[in-house]
Amino acid sequence: QVQLVESGGGLVQPGGSLRLSCAASGSILSINAMGWYRQAPGKQRELVARITSGGSTNYAGSVKGRFTISRDDANNTVDLQMNSLKPEDTAVYYCNADLQLEYVTGTYRYWGQGTQVTVSS
């Protein structure tokens, strides 16, 4: 069974930092792009940051310069370092990964269960 598990969310004051981690496990052959999305109450899920298998990254304009995405292919993990957090960063953060699996052809997108990030004084 393939799963993505996030960790690292919590409550932080404005200007603070948090680091989110996401680990993929199961019958994984390889991982293509990995990313972080977020969804605030009453809003659509939006892309925060994405990183390809080659290490190319792209960020939402609202987080550029404050957030950094990185991946560790040896451990099948993707991290999101979030600095200078603002109240508008409050949301549930989801990781995803485009996976190629053992025993079946094709590429499949998997999502984590989400982790809450709250930025408040």
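Residues numbered from 1 in each chain as written. Predicted model: local features only at pLDDT ≥ 70, side-chain atom pairs only at ≥ 80, totals over all residues. Heavy atoms only, no water.

Draft legend 1. Fine view of the state of the cysteines. All chains considered together, the criterion is met by one disulfide. At a sulfur-sulfur separation of 1.9 Å, the disulfide partner of C22 is C95. Pair noted here: C22 is in strand β3 (residues 18-25) and C95 is in strand β9 (residues 91-101), with a separation of 73 residues, a long-range link. Taken individually, C22 and C95 each receive the classification buried, so the pair is uniform in this respect. (Disulfide = S-S within 2.5 Å. Helix = DSSP H or I, 4+ residues; strand = E, 2+ residues; numbered from the N terminus. Buried < 20%, exposed > 50% of the residue type's maximum accessible area, 1.4 Å probe, protein only.)

Draft legend 2. View of the side chain of R66. Inspection of the secondary structure assignment puts R66 in the loop between β6 (57-59) and β7 (67-72). What makes R66 buried here is its relative accessible area of 11%. At 2.8 Å, the side chain of R66 and the side chain of D89 are in polar contact. When near neighbours in sequence (up to four residues on either side) are disregarded, R66 contacts Q81, M82, N83, S84, L85, K86 and D89. (Polar contact = N/O pair within 3.5 Å; in protein donor to acceptor, adjacent residues only side chain to side chain. Contact = heavy atoms within 4.5 Å.)

Draft legend 3. A look at the packing of aromatic side chains. Under the definition given, this model contains one aromatic pair. Judged by centre distance (5.0 Å) and plane angle (65°), the rings of Y37 and W111 are edge-to-face. With Y37 in strand β4 (residues 28-39) and W111 in strand β10 (residues 107-111), the pair connects residues that are 74 residues apart, well separated along the chain. Given the relative accessible area of 14%, Y37 is considered buried. Under the relative-accessibility criterion, W111 is labelled partly exposed at 34%. Taking the ring centre of Y94 as reference, the NZ or CZ of R45 above it sits at 3.7 Å. In this arrangement the basic side chain of R45 is found over the ring face of W111, its NZ or CZ atom lying 4.7 Å from the centre. (Phe/Tyr/Trp six-rings, centres within 6.5 Å; stacked < 30°, edge-to-face > 60°. Lys NZ or Arg CZ within 6 Å of the ring centre and 35° of its normal.)

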